Amino acid sequence: MKDIAEGYVTADGRKIGGTLMEMKNITLRFGGVVAIKDISFDIREGEIRAIIGPNGAGKSSMLNVISGFYVPTEGEVWFRGEPRPQMRPYQVARQGIARTFQNIALFKGMSTLDNIMTGRMTLMESNMAQQAFWWGRAQKEESEHREKVEKIIDFLEIQAIRKTPVGRLPYGLQKRVELGRALAAEPKLLLLDEPMAGMNVEEKEDMSRFILDVNDEFGTTIALIEHDMGVVMDLSDRVVVMDYGKKIGDGTPDEVRNNQDVIDAYLGVSHD
Amino acid sequence: MTDQFLYAVEVMINGLMAGVLYALVALGFVLIFKASGIFNYAQGVMALFAALTLVGLQQGQVPFAHLINAIFGTEVHHFGWHLPGLVAIILTIGVMVLLAIIIEKVILKHLVNQEPIILFMATIGLAYFLEGFGDVMWGSDIKTLDVGLPQGASFWVEEKTAILGTDNFYGFFIDKLDMVAALVAAILVISLTIFSQYSKQGRALRAVADDHQAALSVGISLRFIWVLVWSIAGFVALVAGIMWGAKSGVQFSLSLIALKALPVLMLGGFTSIPGAIVGGLIIGVGEKLFEFTIGPMIGGATENWFAYVLALLFLVFRPQGLFGEKIIERV
Ligand SMILES: Nc1ncnc2c1ncn2[C@@H]1O[C@H](COP(=O)(O)OP(=O)(O)OP(=O)(O)O)[C@@H](O)[C@H]1O
Ligand SMILES: [Mg+2]
């Protein structure tokens, strides 16, 4: 693997910066189950980092550790060059880390617009007292947020479902709205847990395009979990491979593809 | 218009006024249930506790006086002040917010992700604790609550409406306190609706009510929202406690107004704010009209049970409540 200590430029000319997030010797246990076993890896500014592995490998658990939903049993999470103290998920979100879920977590009773609007919660300034006594200012802020949200709606091509309660939308569109809500936070780091699961080919292509565009246009760092190897190879700059809670590979898509441990894991070679 | 008809109208108006108060109590339940899935059994006792605290603070009662005197052999009872109603109300709001914070820290925090029945049990425990705590803090004697609300029938209304009927009809008999209660409750309901629809915290509240995980992921602190809803519920309890307390004194039976909210919830659903309002009005009007029309034929005192029968009937035909969507289970 090439030396990337100070960042590098990708084949398609995107500039990748220094380390944004670093997982140091993370272990996560649930009772007897070891979901993550002493894993370390980094995420660099501006890159698209994929996490792959067979079912139950611990990929979602890793994303949950990053986003604060799970507290690691051992190990440290470093963010922007500092060890991060133990944080609740909402605190992580306020640091500029947005996410989507494997099993879609939307506000089902709210419209597409409201869902995405809620994504801007961390960016909303005025507090309760101001809203009560400073109605005008709150209104102005609201309309500014509204504008940003409309841009995201245009970007994701979901104008037609702006007012639809998301509970009524088909699966593929729900995934898209969930991405929209995460984008609304203007995150530094975007975590996507299987953004293309259950989609048809056309929907997958759309989603891939959105992910690339987000990374390209806003410089958003993205960590994503994906099962479709074709998609992973196309999208990601670097890949972490997990199996049974362990890291078995880390590198560019090409490096990973030719890694014997990875090939074994995917072909189902028995463990010891 | 016949006098009989006018009396019926008067009964209906009184029913509406009572209904607004039922709606208010029901609203306290709905808010907490929506945000945390907890059926707060303690809502009624919270109203009692709020009213006790209000009276105690206003009259300068020393809290825990019995306890203090028993331990230290002192004879303290009063601070010797008498606060204006508004000041006492504001202080009591502070106490209810404090109570919300303590409930979150001591109870809710430890019960995250527990079964709803466990949380329900916890609120039963809370209800009895709060009842006892209120007694120890403020004493268990019946107190009169007077924050300067008008009492008695409104002569103005009586006079203005007297011309509607014959000589036998003296005009509508409407309690001034009921009118104030209805007005306050209406304002409260409207401001709560505006708050939940248009403010940042309101949106956060709706988000938490809809999906906890999603709410966390957009940076909402569940614990803050819980403190917020319990504070609001405490405030609603205080308002209900004031209205009811001013009417019939502050005593244990005040906590039973929660029982009036149950049929309202059966009718309006546990998650619908409009449901609580309309449900409250229907129950209020329904029980008064029933007592007026059918009551005399079957020996009266129908108000104790009619609301429940009405709610039960509704439940059979619309299990999802007045405004709930019919749920068809996916198979
Ligand atoms: N909250 C939890 N409590 C107990 N065990 C858990 C929990 N979350 C995950 N696990 C366990 O941790 C292991 C890894 O699960 P995880 O969901 O991270 O896998 P994954 O790689 O995302 O799998 P998939 O591809 O199926 O989504 C599994 O054995 C799982 O049962
Ligand atoms: Mg997973």
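Small disclaimer: the values here were computed from a predicted structure and weren't measured.

Chemist: Explain the interface of chain A and chain B here, please?
Modeler: Reports of interface size often rely on the accessible area that becomes lost once the parts have come together. In this complex, chain A contributes 28 residues to the contact, which on the side of chain B involves 24 residues. At the boundary of chain A with chain B, total buried surface from both sides reaches about 2200 Å², with 61% on carbon and sulfur atoms. The tally of links between chain A and chain B comes to 2 salt bridges. Inspection of the chain A/chain B interface yields 5 residue pairs in polar contact (both at pLDDT 80 or more). Where the side of chain A that touches chain B is concerned, the elements lending two or more residues are helix H2 (89–94), helix H3 (112–118), helix H4 (128–133) and helix H5 (135–155) of chain A. Tallying contributions element by element places H2(A) first for the side of chain A that touches chain B, with 4 residues. Here the side of chain A that touches chain B is built from residues that sort into 14 nonpolar, 7 polar and 7 charged.

Chemist: It is not clear to me how the domain arrangement of chain A should be interpreted in this structure. Could you clarify?
Modeler: All names here are of chain A. What the domain assignment lists for chain A is domain 1 (1–96 + 187–272) and domain 2 (106–182). Centre-to-centre separation of domain 1 and domain 2, based on C-alpha positions: 27 Å. Domain 1 puts 18 residues into the contact, and the matching count from domain 2 is 10 residues. Summing both partners gives a buried area of about 1100 Å² for domain 1 against domain 2, and 70% of it is carried by carbon and sulfur. Counting across the domain 1 and domain 2 interface gives 2 salt bridges. The partner of Arg 176 in a salt bridge is Asp 206, and the shortest N-O contact between them spans 3.2 Å. If you look at where domain 1 meets domain 2, you find 2 residue pairs in polar contact (both at pLDDT 80 or more).

Chemist: When you look at helix H7 (residues 176–198) of chain B in this model, what are you seeing that I'm missing?
Modeler: Two residues of an α-helix separated by three or four positions point the same way, owing to the 3.6 residues in each turn. Residue and element names in this part refer to chain B. Its 23 residues place the ends of H7 33 Å apart at the C-alpha level, agreeing with the 33 Å of an ideal helix rising 1.5 Å per residue. Those residues of H7 not exposed but buried are Leu 177, Asp 178, Ala 181, Ala 182, Ala 185, Leu 188, Val 189, Leu 192, Phe 195 and Ser 196. The N-cap residue of H7 is Asp 175: its side-chain oxygen and the backbone nitrogen of Leu 177 are 3.0 Å apart.

Chemist: Would you mind going over the coordination of the magnesium ion (ligand 2) with me for this structure?
Modeler: Octahedral six-donor coordination of a metal ideally yields angles of 90 or 180 degrees, compared with 109.5 degrees for tetrahedral four-donor coordination. Protein ligation of the magnesium ion (ligand 2) involves Ser60(A) (OG) and Gln102(A) (OE1), the donor distances falling in the range 1.9 to 2.1 Å. Linking Ser60(A) in helix H1 (residues 59–66) with Gln102(A) in the loop between strand S8 (97–99) and H3, this pair joins segments that are 42 residues apart in sequence.

Chemist: Honestly, the pattern of salt bridges in this entry has me stumped. Any pointers?
Modeler: All names here are of chain A. Applying the stated rule across the entire model yields 27 salt bridges over all chains. Between Glu 47 and Arg 238 there is a salt bridge, and its shortest N-O distance comes to 2.7 Å. Taken together, the residues span a long stretch of sequence, with Glu 47 in the loop between strand S4 (33–44) and strand S5 (48–52) and Arg 238 in strand S11 (residues 238–243) at a distance of 191 residues. Close ionic contact of Arg 49 with Asp 250 constitutes a salt bridge, the shortest N to O distance being 2.9 Å. Separated by 201 residues along the polypeptide, Arg 49 in strand S5 and Asp 250 in strand S12 (residues 246–251) bring together distant segments of the chain. Sharing partners across several salt bridges, the network here consists of Asp 42, Arg 44, Glu 47, Arg 49, Arg 238, Lys 247 and Asp 250.

Chemist: What's the story with the packing of helix H1 (residues 3–36) of chain B against H7(B) in this structure? I'm lost.
Modeler: Each pair of packed helices gets described by two things: the angle between the helix axes and the distance between those axes. Residues and elements named next belong to chain B. At a minimum axis separation of 9 Å, H1 and H7 run at an interaxial angle of 35 degrees. Considering the relative orientation of H1 and H7, their crossing is left-handed. Across the interface between the two elements, Asn 14, Met 17, Val 20, Leu 21, Leu 24, Leu 27 and Leu 31 of H1 pack against Asp 178, Met 179, Ala 181, Ala 182, Ala 185, Ala 186, Leu 188, Val 189 and Leu 192 of H7. Tallied by class, the residues present in the contact of H1 with H7 amount to 14 nonpolar, 1 polar and 1 charged.

Chemist: Got a minute to help me understand the sheet that holds S11(A) in this structure?
Modeler: Backbone-to-backbone hydrogen bonds pair the strands of a sheet. The strands run either parallel or antiparallel. Residues and elements named next belong to chain A. One open sheet accounts for 6 strands, arranged S8-S9-S10-S5-S11-S12; its pairing is mixed. The open sheet has two edge strands with one neighbour each: S8 and S12. The average angle at which neighbouring strand axes cross in this sheet is 15 degrees, direction not considered. Alignment of S11 against S12, held across 5 bridges, turns out to be antiparallel. Counterpart to Asp 243 in the pairing with S12 is Lys 246. Across the sheet, helix H6 (residues 171–184) touches S8 and strand S9 (189–193), and the angle it forms with S9 is around 160 degrees. The sheet contacts of helix H10 (residues 260–267) involve S5, S11 and S12, and relative to S12 the element is tilted by about 125 degrees.

Chemist: Just checking my understanding: could you explain the pairing of strand S6 (residues 74–79) of chain A for this structure?
Modeler: Regular strands have side chains that alternate between both faces of the sheet. All names here are of chain A. Here strand S3 (residues 19–30) pairs with S6 via 5 bridges, running antiparallel. Looking across to S6, one finds that Met 23 is bridged to Val 77. Note: S6 against strand S7 (residues 82–83), 2 bridges, orientation antiparallel. When the bridges of S7 are listed, Phe 79 appears paired with Glu 82. Linkage of S6 to S7, two consecutive antiparallel strands, is achieved through a turn of 2 residues, within which Arg 80 is found at a positive phi near 55 degrees.

Chemist: Even after reading the chapter, I still don't get the site of ligand 1, so can you show me in this structure?
Modeler: Residues and elements named next belong to chain A. Around ligand 1, the surrounding shell holds 14 residues, and the nearest of these are Gly 56, Lys 59, Ser 60, Ser 61 and Gln 102. The contact in question runs from an oxygen atom of ligand 1 to an N or O atom on the side chain of Asn 55, over 3.0 Å. Within the contact set of ligand 1, an oxygen atom lies 3.1 Å away from a backbone nitrogen or oxygen of Ala 57. Bound to the protein, ligand 1 loses 64% of the 630 Å² it would expose on its own. Among the secondary structure elements, those contributing two or more residues to the shell around ligand 1 are S4 and H1. A per-element tally of the shell around ligand 1 places H1 first, with 3 residues.

Chemist: Before we go on, may I ask you to explain the packing of helix H2 (residues 43–58) of chain B against helix H5 (residues 116–138) of chain B in this structure?
Modeler: Residues and elements named next belong to chain B. Where H2 meets H5, the axes come as close as 9 Å, and the angle between the chain directions of the two elements is 15 degrees. Here H2 lies roughly parallel to H5, going by the angle between them. Crossing of H2 against H5: the hand is left-handed. Contacts from Val 45, Met 46, Phe 49, Leu 52, Thr 53, Gly 56 and Leu 57 of H2 reach H5 at Ala 127, Leu 130, Glu 131, Phe 133, Gly 134, Met 137 and Trp 138. Residues belonging to the contact of H2 with H5 are distributed by class as follows: 10 nonpolar, 3 polar and 1 charged.

Cut-off values and rules
Residues numbered from 1 in each chain as written. Chains lettered and ligands numbered in written order. Predicted model: local features only at pLDDT ≥ 70, side-chain atom pairs only at ≥ 80, totals over all residues. Heavy atoms only, no water. Contact = heavy atoms within 4.5 Å. Buried area = accessible area lost by both parts, 1.4 Å probe. Salt bridge = Lys/Arg side-chain N within 4 Å of Asp/Glu carboxyl O. Polar contact = N/O pair within 3.5 Å; in protein donor to acceptor, adjacent residues only side chain to side chain. Helix = DSSP H or I, 4+ residues; strand = E, 2+ residues; numbered from the N terminus. Nonpolar A, V, L, I, M, F, W, Y, C, P; charged D, E, K, R; others polar. Domains from an automatic or database assignment. Expected span 1.5 Å × (residues − 1). Buried < 20%, exposed > 50% of the residue type's maximum accessible area, 1.4 Å probe, protein only. Donors = N, O, S within 2.8 Å, 3.2 Å for Na, K, Ca; no water. Axes fitted to C-alpha atoms, helices over the stretch in contact; angles between N-to-C directions. Left-handed = near helix turned anticlockwise from the far one by under 90°. Pairing = 2+ DSSP bridges. Near = heavy atom within 4 Å. Areas by Shrake-Rupley, 256 points an atom, 1.4 Å probe, with all protein chains shown as cover. Parallel < 35°, antiparallel > 145°, perpendicular 65-115°, else oblique.

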